[in-house]
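Each chain, letter by letter, is given below.
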Amino acid sequence: MSRSKKFRRARLIVIVLAVLLVAAVAGAGYWGVRTVHASFPVVEGTVKVAGMTAPVDVKRDANGIPQLYADTNADLFRAQGYVQAQDRFWEMDVRRHITAGRLSEMFGSSQIETDGFLRTMGWRQVAQQEYDTKLSEDTKKNLQAYTDGVNAWLDEHRGGSSASLEYSLLGAVNGDYQPEKWDPVDSVAWLKAMAWNLSGNLQEEVDRALLAQDFGQDKIAQLYPDYPYARNGTIVKGGGAVGADGVFKPADGSTAAPASPAGATAQSRAATDALLGDVSAKIAGMPQLLGRPGQGIGSNSWVVDGKHTTTGLPLLANDPHLGPGMPSVWYQMGLHCRTVGAGCSYDTAGFTFAGMPGVVIGHNKDISWGFTNLGADVTDLYLERVTGPDTYLVDGKEAKFKSRKETIKVAGGEDRTITVRTTQDGLPLISDQSTEQQHVGQNAPVGNAAPDRAAGYGVALQWTALTPANTMDAVFKLDRATGWTDFRSAAEDFAVPAQNLIYADTKGNIGYQAPGMVPQRTKGDGTYPVPGWDSSYGWKKEYVPFKSLPYSFNPTAGYIVTANQAVVDPGYRYLLTKDWEYGTRAKEITDQIDSRLKNGGKISPDDMQSIQLDNTSVMAQTLVPLLLKVQIDDPYVREAQDLLKDWNFHQDADSAAAAYYNGVWRQLLTLAFGQKFPAGLRAEGDCLLVRQKRDATLPEGAVGNTTQAVTECGTREAHNAQPDGGDRWTEVVRQLLTQPDNGWWDYIDSNHRSQHGLESLLAEAMKDARQDLTAQLGKDIKTWSWGRLHTLTLKEQTLGSDDSSIASGVVHRLLNRGPYRISGGTAAVDAAGWNAAAGYQVDWIPSMRMVVDLSDFDASRWITVGGASGHAFHDNYNDQTQLWVDGKLLPWAFSADAVGKSTKHTMTLIAG
């Protein structure tokens, strides 16, 4: 029997193991309880940890959130590594295998293509270069101390049930697996996963090229409308990079800030699918521990100065929108030096990632900061004319690929060796699959100006995250910052992913800074793949200078809102992106702040929390009046239409009107757009009848070249399909509503007849939605609710996300949690996103929420999804989720006194 067959057969053992575990746990059986509890962390008493120079206290509250107290930086980060490994080592282990392209070593042959794609991009190699050449010595010391702490824990838990339940399950099918020692570069490499999921418009670049096979530039432009600057505004109100030196000058009333320290054409379906369909599939198939990448996923943050708050000092709110999963993507903790000074520099608390030292978002004793995705266009795709296994064309001459061999080790199977090819400029050829010398794009969509295609075309990627940088330095600088100048110095190091950084301090100042490596293009604007054989396309050696990037400091408005809207107006000297989010959430937050400040009002901490929970559908305010005007004769459909009459546009989980409206919205998008899109954009299983020529080699109308109806099914993974119904689609529809005879409103009805016009399509959408919701929720609309459709299931992102076997279903029940009935919606401030091309299930969420009170840090509040622990059945595995669903926040103790009062368990780490 082959090794692969043995591996597949061995998976059946999981059934036995999982069933026994479930039965034992349910019955409080000794073996089951012992197996599940074996990996739970020690949280009380004294524990010896190699390398400690003085005791470190680990104080955990009832939610298991640890606050660490140490006398030196080395002891502090050594303790952080130990404690995170206690709670989350399985998650950390999987994450480092993702970033290194080594998932196949854990999970077998199903991960070979993913590993090949990741190896091609070379995340791990770039992280190693960053560690070797870019990071400061202090940062390296912190990373090494963290690593020592992880390995001290690992020395005590060498896999199996003593490490986590997941290792027991994995051992049933991959019994040879043993975790390796942690390495500092394992921590640095996680920044590449962050950057990938927040990398801007890569998917949009692919999608526009796929659309070009069927639509002209005017039609595509209607699907990617210009940002509505006049209606939704920008983060920084005016200003620009001015003068010969290009220093950014705000024009929003900002006070003087302290100086900062040092084109495609329409193509055939076959051609475009051959070139970019496979690349799109690879992008969609990447592990999405932070959520699906690209436009449509965002975050909210805003800060209000003390003149406009009830506390007299700033209030800051943040809720990043990321993909859901178990355990939580975030890890809450506090890092405290008993005495802050030269030898121990930190007194900070907030949210970080398991596997990364420091605090990523939060506050210290002087300042607070938050992140949202800037959305800068930091990726470009290049069509490369491949002339042979080792050569490609540039300016009419052959150039040689650089190449290297990568060996992928496969659990239960034979090793796979791949060849990774890069251009002379170091751009990886991402269209290569995991076998050697594969060429894609035999009919590349490049028009008559392209060279002869011969062996085909490839697709190369240029991405800022593949250039070594020192973002990890920025994390520690933020944690130590004492004011605006320190904050901007940290921002200058924050290379990737490019983020909107907001700021507040205990002296009353508020601010905003756009950081990151943003390319300057020699030609093109990043909206379409460009010809790699023409050297006039490319990036300049210099990125946009930090001194030229937008900022704001104490603007006269008294507040700053960032929610992925445009940062600056189109007069700004540099191109940041042409694919902003469209500002719906930003305007809603701004309007709510303005309404509270009207007539001298002030913002309270409760107001900040309330705004985070605003689930208003802004698009419904425009669309519902039009829906109510449509004459509906069928009483069955009219009964549902009547739900909208007195609806307040709030998408509460118990709202029947919200359920029906979102059902109509989904059907509208399908009729107007989904029916017309190529298979490469539509979801798998979304099948349509299309007209196709019998002989593609003959011209239209030629004898013998009649058309026939064929079934064409979508090929894209559902979570990444279009039209997804996100903020861009609200702007598309908003603009087209003023053109009731636009061709986009033509559709095929349920009887396969062609129909025309907006009013007809709205009537059809209401009818189809009535039928869809009846099938899902029943005939009695009194029982309908948005939450019954709009559900969230938290899946463990490895073993708990595989639906391929009976055993997996049992594993799901062990590791996953939900479903939860969720309020909110895609373009709402309470952004519980769902993909209209796939269904109503929630696929991205406010992954955490925080409200920081700069007048009293102990009055601050926070919450995450899931909990502190990564161990299934631990009390803190999922203790925060229902609170999060209900819109509640936990008290966030910071001072030593407040932490002491909230402490439930104390563990002391001593020299071992």
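Located above this text is the structure these notes cover.
The rules behind the values
Residues numbered from 1 in each chain as written. Predicted model: local features only at pLDDT ≥ 70, side-chain atom pairs only at ≥ 80, totals over all residues. Heavy atoms only, no water. Helix = DSSP H or I, 4+ residues; strand = E, 2+ residues; numbered from the N terminus. Buried < 20%, exposed > 50% of the residue type's maximum accessible area, 1.4 Å probe, protein only. Areas by Shrake-Rupley, 256 points an atom, 1.4 Å probe, with all protein chains shown as cover. Polar contact = N/O pair within 3.5 Å; in protein donor to acceptor, adjacent residues only side chain to side chain. Core = buried A, V, L, I, M, F, W, Y, C linked by side-chain atoms within 4.5 Å. Contact = heavy atoms within 4.5 Å. Axes fitted to C-alpha atoms, helices over the stretch in contact; angles between N-to-C directions. Parallel < 35°, antiparallel > 145°, perpendicular 65-115°, else oblique. Nonpolar A, V, L, I, M, F, W, Y, C, P; charged D, E, K, R; others polar. Disulfide = S-S within 2.5 Å. Pairing = 2+ DSSP bridges. Salt bridge = Lys/Arg side-chain N within 4 Å of Asp/Glu carboxyl O.

Turning our eyes to something else, we now look at the overall build of the protein chain. Counting its secondary structure elements, the protein chain contains 27 helices and 36 strands. Counting every position in the protein chain, which comprises 912 residues, the buried fraction comes to 62%. Carbon and sulfur atoms provide 50% of the accessible area of the protein chain, an area that totals close to 32,400 Å².

This part is about unusual backbone geometry. Of note, the bond from Val496 into Pro497 is cis; its omega dihedral lies within 30 degrees of zero at -5 degrees. Tracing the sequence through the fold places Pro497 in the loop between α16 (484-493) and β18 (499-505). Residue Pro723 is reached from Gln722 by a cis peptide bond, and omega for that bond is 0 degrees. Within the element layout of this structure, Pro723 appears in the loop between β26 (707-713) and α22 (727-736). For His752, which is not a glycine, the phi torsion comes out positive at approximately 65 degrees. Counting through the fold element by element, His752 comes out in the loop between β27 (747-748) and β28 (754-755).

As a further point, take the environment of Gly601. Relative to the helices and strands, Gly601 is located in the loop between α17 (584-597) and α18 (605-612). Sequence separation between Gly601 and His308 is 293 residues; the distance between their C-alpha atoms is 7.5 Å.

This brings us to the side chain of Asp843. Examined against the element boundaries, Asp843 turns out to sit in strand β32 (residues 842-846). Asp843 gets classed as buried once you look at its relative accessible area, which sits at 18%. Looking at Asp843, its side chain comes within polar contact range of the side chain of Trp844, at 3.5 Å.

Here we come to the nonpolar core. Among the nonpolar cores identified, the biggest contains 238 residues, and Met121, Trp463, Tyr660, Tyr661, Phe673 and Leu909 are the most heavily contacted of them. The element best represented in this core is helix α21 (residues 656-672), accounting for 12 residues. Beyond its immediate chain neighbours, meaning those up to four positions away, Tyr660 contacts Val637, Ala640, Gln641, Leu643, Leu644, Met766, Ala769, Arg770, Leu773 and Trp784. One finds Tyr382, Val386, Phe401 and Val530 within the second-largest nonpolar core, a separate group that totals 11 residues.

At their nearest, the axes of helix α19 (residues 618-629) and α21 sit 11 Å apart, and the two run at 85 degrees to each other. In terms of orientation, α19 lies roughly perpendicular with respect to α21. Contact residues: Met619, Ala620, Leu623, Val624 and Leu627 in α19; Tyr661, Val664, Trp665 and Leu668 in α21. Across the contact of α19 with α21, the residue classes break down as nine nonpolar, no polar and no charged.

Summed over the entire model, instances satisfying the criterion amount to two disulfides. Between the sulfur atoms of Cys337 and its disulfide partner Cys344 the distance amounts to 2.0 Å. Looking down the S-S bond of the Cys337 and Cys344 bridge, the torsion is -80 degrees, so its handedness is left-handed. Summarising the burial analysis for this pair, Cys337 and Cys344 share the class buried. In this model Cys687 forms its disulfide with Cys713; the gap between the sulfur atoms is 1.9 Å. Its torsion about the S-S bond being 105 degrees, the disulfide of Cys687 and Cys713 is classed as right-handed. Of the two residues, Cys687 is situated in strand β25 (residues 687-693) and Cys713 in strand β26; the sequence distance between them amounts to 26 residues.

Glancing now at the pairing of strand β19 (residues 510-513). Residue alternation in β19 divides its side chains into two sets, Ile510 and Tyr512 and Gly511 and Gln513, and both sets are buried. Pairing between β18 and β19: four bridges, direction antiparallel. Bridging from a neighbouring strand, Ala504 pairs with Ile510 of β19. Linking two consecutive strands that pair antiparallel, namely β18 and β19, is a turn of four residues; a positive phi of about 105 degrees is found at Gly508 within it. In this structure, β19 lies alongside strand β23 (residues 551-553), joined through three bridges in antiparallel fashion. Considered in β23, the bridge of Tyr512 is made with Ser552.

Summed over all chains, the structure comprises 41 salt bridges. Here Lys409 ties to Asp415 by a salt bridge, and the two come within 3.9 Å at their closest N and O atoms. Note on Lys409: relative accessible area 46%, which makes it partly exposed. The partly exposed category is assigned to Asp415, whose relative accessible area is 44%. Measuring nitrogen to oxygen at the nearest pair gives 3.1 Å for the salt bridge that ties Asp830 to Arg849. In this pair, Asp830 sits in the loop between β30 (817-821) and β31 (833-834) while Arg849 sits in strand β33 (residues 848-853), placing the two residues 19 residues apart along the sequence. Look at Asp830 and you get buried, because its relative accessible area is 8%. Residues participating in the shared-partner salt-bridge network are Asp93, Arg96, Arg124, Asp183 and Asp186.

Moving on: helix α6 (residues 112-121). With nine of 10 residues buried, α6 lies mostly within the body of the structure. Among the residues making up α6, those that are buried are Ile112, Thr114, Asp115, Gly116, Phe117, Leu118, Arg119, Thr120 and Met121. One or two positions beyond α6, positive phi appears at Gly122, with a value near 75 degrees.

The buried count for β18 comes to seven of seven residues, which makes it a mostly enclosed element. Residues Gln499, Leu501, Tyr503 and Asp505 line one face of β18 and the alternating positions Asn500, Ile502 and Ala504 line the opposite face, and both faces are buried. Pairing geometry for strand β11 (residues 367-373) and β18, over seven bridges, is antiparallel. Within β18, the position partnered with Gly370 by the bridge is Ile502.

Our next topic: the sheet that holds β23. The 11 strands are arranged β1-β36-β2-β3-β8-β9-β10-β11-β18-β19-β23 in an open sheet whose pairing can be described as mixed. At either end of the open sheet lies a strand with only one pairing partner, and these are β1 (45-49) and β23. Direction aside, neighbouring strands of the sheet carry axes that sit 15 degrees apart on average. Across six bridges, strand β8 (residues 331-337) lies against strand β9 (residues 347-352) in antiparallel orientation. Across the sheet, residue Leu335 finds its bridge partner in β9, namely Thr348. Contacting β1, β2 (56-60), β3 (66-70), β8, β9 and β36 (905-911), helix α4 (residues 73-99) runs over the sheet at an angle of about 160 degrees to β8.

Read these as layout, nothing more, since geometry by itself doesn't imply function.
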